[in-house]
Amino acid sequence: MDVRSEHYNLAKWYDIIESALDDPDSEPIVNIAEEAASEYDAIFVGGGAGGRFGAAFLRALGGRPLIIDAWPFLGGSCPHQACVPHHLFSDVAAEMDLWRWYSGRFFFPDWDPDKASILEMVQLFRDGRSYAHAFMNWQTKEQLNVEFMLNARARIIDSRTVEAGGRRFTGQNMVIGTGAHVKVPQIPGLEMHGVYDFATLIEDLDYEPGKCVVIGGGKTAVEYGSFFNATGCETTIVTRSGIMQTPSLHHVDDDVRDYVTEGMRKRGITILEGAEPVEVRGSGTVSEVVVRLRSGETLTLGTDFVFVGTGEAPNTGWVLDALPGLKSDDAGAIIVDRRMLTSIPNVYAIGDAIGAPMEMFKARKCGVTAARNIMGIDSEFDFSEYPDFLHSTYEVTWVGLSEQEARQQYDDVIIIQMPPYVKGLDTEHLPLPLAERTMLYGFTQPELSGFQKLVADGRPRRVLGAHHVGYGAKDSFQYLDYLIHRPQGLTIDELGDMNELFLNPEHFIQLSRLRAGNTKLVDL
Ligand code: COM
């Protein structure tokens, strides 16, 4: 369908997207300008976060981009199966956590496991996701003036030529933003009904899980495991590595990890570390998972639901086949330089297709970096350091070095934290930290009200890292990251000089101020 001269509202876009998702034979959605015969500055193969932001930026710079995507909407996996549903589930898990702790107390009704449903939340997301998709399509067409062909698979002919929807397009440059897919481990039985990952959970879940085994120990496993558990579904996490110790979580502080995992256990999650899932069994539908424990013993876990959360791999196989000169690493990630340029002079690659970290900021800024370079603006993007987060039933946020990393690199490390670590102090009764969303915990179960730590280099008084478990601090970490990674960094004195909005979720400003008068900084 040619939508070029149409100006649909969001409801109409919603209908178009939903019909296309329902009908595998639906036609491409074509928003191509008349001068289509002429060449594009760049063809973006993939219209996820990286492709959409890259194309928008290139257009804003005066260039002519074209996006081609197999899905009938722009925005990629984030609003369809990945980040957005994860945020819904984590938000809901935090609400349910309160409900379970305070069942029948104060204004909370009695806990009712029948009302806390995984399936209902999945369906809620499934029914609503195309409204966000509709907005992406509308904005990209009407506000950003970017041409696209959606619901059409791209076929790369050569580094300047792509075919899609029966048409051939040429561009001076190509930008590969084909995303990633779930990496399924080699465990017999994973093909059975009752085994899901974050994508198939959304597409295929058709019953209410009663018992769950999560395979993995990184972000996805912690986040989804915490959600399943919060609904009352008995949850066991099986992880070969330690929990929250996968490579991308290397900046997670040990005390943060302990606080979060102790909280998960307190809420009833069983965590089996150093444990290897050997086999998933069942007759057509999953009924048990066999696990080899660290001790060598074998354990059989009865379950009706297995969730695989072991990471993702780039979607690049077909691209590498089509462009034989394109270099990739062993995992299939396309190798790029800091300009996002690949081994082929006019081909750029962005986002998850170039490997870890598979994060939103990286995808979008990769797209922008490619766009700038294509338009003649020399631009580099270094994503080796960045702020990060995950959810248990808490929001867990960090930036910079953990205390352990700092102590390996610096000899005068200062720690400012809440609750403070003072041997023998009865902090289990201390209602701090306090902030919005933890006030009730603070006044009833102070040990649940969160944890925060600032790591500094004592002599230059510079902040090296910040770590937070609670709610509402994520925004500030975007700016903290910028400040601490400036050439001059951020000092405890500058932090103490800022104006806090009491009661701020991370107490870094006022805690730093309490120490800033000290000529020689000491722990707090
Ligand atoms: C976000 C999608 S869910 S995009 O980055 O705005 O395209």
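How each quantity is defined
- Residues numbered from 1 in each chain as written.
- Predicted model: local features only at pLDDT ≥ 70, side-chain atom pairs only at ≥ 80, totals over all residues.
- Heavy atoms only, no water.
- Near = heavy atom within 4 Å.
- Polar contact = N/O pair within 3.5 Å; in protein donor to acceptor, adjacent residues only side chain to side chain.
- Areas by Shrake-Rupley, 256 points an atom, 1.4 Å probe, with all protein chains shown as cover.
- Helix = DSSP H or I, 4+ residues; strand = E, 2+ residues; numbered from the N terminus.
- Buried < 20%, exposed > 50% of the residue type's maximum accessible area, 1.4 Å probe, protein only.
- Pairing = 2+ DSSP bridges.
- Phe/Tyr/Trp six-rings, centres within 6.5 Å; stacked < 30°, edge-to-face > 60°.
- Axes fitted to C-alpha atoms, helices over the stretch in contact; angles between N-to-C directions.
- Parallel < 35°, antiparallel > 145°, perpendicular 65-115°, else oblique.
- Left-handed = near helix turned anticlockwise from the far one by under 90°.
- Contact = heavy atoms within 4.5 Å.
- Nonpolar A, V, L, I, M, F, W, Y, C, P; charged D, E, K, R; others polar.
- Core = buried A, V, L, I, M, F, W, Y, C linked by side-chain atoms within 4.5 Å.
- pLDDT = per-residue confidence, 0-100.

## What about the site of the ligand?
At step 1: Surveying the vicinity of the ligand reveals the residues A49, R52, F53, G75, C78, P79, M136, M360 and R364.
At step 2: Taking R52, its side chain carries an N or O atom lying 2.7 Å from an oxygen atom of the ligand.
At step 3: Measuring from an oxygen atom of the ligand, one finds a side-chain N or O atom of R364 at 2.9 Å.
At step 4: The fraction of the free accessible surface of the ligand (260 Å²) that becomes covered by protein chains is 93%.
At step 5: Those elements that place two or more of their residues in the shell around the ligand are helix 2 (49-60) and helix 9 (360-374).
At step 6: A total of three residues in the shell around the ligand trace back to one element, the largest contributor, which is helix 2.

## Remarks on the pairing of strand 2 (residues 40-45)
At step 1: The buried fraction of strand 2 is high, at five of six residues.
At step 2: Sheet analysis places strand 2 next to strand 7 (residues 167-176), joined by five bridges and oriented parallel. If you follow F44 over to strand 7, its bridge partner there is V175.
At step 3: In this sheet, strand 3 (residues 65-68) lies alongside strand 2 in parallel orientation, the contact comprising four bridges. Bridge pairing in strand 3 links I43 to L66.

## Topic: the packing of aromatic side chains
At step 1: Tallied over the entire structure, the rule returns 27 aromatic pairs.
At step 2: Measuring from centroid to centroid gives 6.1 Å for Y102 and Y441, while their planes differ by 35°, and the two rings are tilted. Of this pair, Y102 sits in the loop between helix 3 (83-101) and helix 4 (118-143) while Y441 is found in helix 11 (residues 439-444), placing the two residues 339 residues apart along the sequence.
At step 3: Of the residues examined, Y102 reaches a relative accessible area of 0% and is grouped as buried.
At step 4: Given the relative accessible area of 1%, Y441 is considered buried.

## Focus: unusual backbone geometry
At step 1: The omega angle of the peptide bond from M418 to P419 is -5°, so this bond is cis rather than trans.
At step 2: Within the secondary structure layout, P419 lies in the loop between strand 21 (413-418) and helix 11.
At step 3: In the segment running from L432 into P433, the intervening peptide bond is cis, with an omega of 0°.
At step 4: Look at R437: it is not a glycine, yet its phi comes out positive at around 80°.
At step 5: When its relative accessible area of 40% is taken as the criterion, R437 is described as partly exposed.

## Side note on the packing of helix 3 against helix 4
At step 1: The contact between helix 3 and helix 4 brings their axes to 10 Å, and the two run at 140°. As the angle between them shows, helix 3 and helix 4 are arranged oblique. In the crossing of helix 3 with helix 4, the sense of the turn from one axis to the other is right-handed. Between helix 3, through V84, P85, L88, F89 and V92, and helix 4, the contact on the second element is made entirely by M121, V122, L124 and F125.
At step 2: The residue makeup of the contact of helix 3 with helix 4, split by class, is nine nonpolar, no polar and no charged.

## A word on the sheet that holds strand 21
At step 1: If you walk across this open sheet you meet the five strands as 19-20-23-22-21, and the pairing is antiparallel. For this open sheet the edge positions go to strand 19 (388-391) and strand 21, each flanked by a neighbour on one side alone. Adjacent strand axes in the sheet meet at a mean angle of 15° when their direction is disregarded.
At step 2: One ladder, built from seven bridges, connects strand 22 (residues 451-457) with strand 23 (residues 462-470); its direction is antiparallel. Bridging across to strand 23, D457 finds its partner in R462.
At step 3: Against the sheet, helix 14 (residues 508-516) engages strand 21, strand 22 and strand 23, with an angle of about 50° to strand 22.

## Digging into the nonpolar core
At step 1: Judged by nonpolar contacts, the single largest core of 55 residues is most densely connected at L201, L205, F228, F305 and F307.
At step 2: Every element with two or more residues in this core is listed here: helix 3, helix 4, helix 5 (198-204), strand 10 (211-215), helix 6 (219-230), helix 7 (254-266), strand 16 (305-308) and strand 20 (395-400).
At step 3: Among the elements that make up this core, the one with the highest residue count is helix 3 (seven residues).
At step 4: Each residue touching L205, except ones within four places of it in the same chain, is listed here: I118, L119, V122, R126, Y196, T200 and F305.
At step 5: The next biggest cluster of nonpolar side chains, apart from the first, holds 54 residues, and it includes A154, M340, I344 and Y348.

## Some points on the confidence of the model for the protein
At step 1: Averaged over every residue, the pLDDT of the protein is 97; the share at 70 or more is 100%.
At step 2: Mean pLDDT in the protein bottoms out at helix 11, which sits at 96, and peaks at strand 18 (residues 347-349), which reaches 99.

## Here we look at the environment of V238
At step 1: Residue placement: V238 occurs in strand 11 (residues 234-239).
At step 2: Since its relative accessible area comes to 1%, V238 is described here as buried.
At step 3: Each C-alpha atom, one on V238 and one on V213, is 7.1 Å from the other, the two residues being 25 residues apart in sequence.
At step 4: Those residues in contact with V238 that lie beyond four places of it in its chain are V213, V214, I215, G216, L272, A275, P277, V291 and L301.

## Points about the packing of helix 1 (residues 10-22) against helix 4
At step 1: Look at helix 1 against helix 4: their axes get within 8 Å of each other, and the N-to-C directions meet at 115°. Considering how the two elements wind past one another, helix 1 and helix 4 form a crossing that is right-handed. Only D127, S130, Y131, H133, A134, F135, N137, W138 and K141 of helix 4 make contact with helix 1, whose side of the interface consists of L10, W13, Y14, I17, E18 and L21.
At step 2: Here the residues of the contact of helix 1 with helix 4 sort into nine nonpolar, three polar and three charged.

## Quick notes on the side chain of S392
At step 1: With respect to the element layout, S392 can be found in the loop between strand 19 and strand 20.
At step 2: For S392, a relative accessible area of 2% puts it in the buried group.
At step 3: Discounting chain neighbours no more than four positions away, the residues touching S392 are V222, S226, V260 and M264.

## As for the sheet that holds strand 15 (residues 298-302)
At step 1: As summarised here, the arrangement of the three strands in space is 13-14-15, forming an open sheet in which the pairing is antiparallel. For this open sheet the edge positions go to strand 13 (276-283) and strand 15, each flanked by a neighbour on one side alone. Adjacent strand axes in the sheet meet at a mean angle of 25°, parallel and antiparallel pairs treated alike.
At step 2: Two strands pair when backbone bridges link them, and strand 14 (residues 285-292) and strand 15 are joined in this way by five bridges, in the antiparallel orientation. Bridge pairing links R292 to T298 in strand 15.

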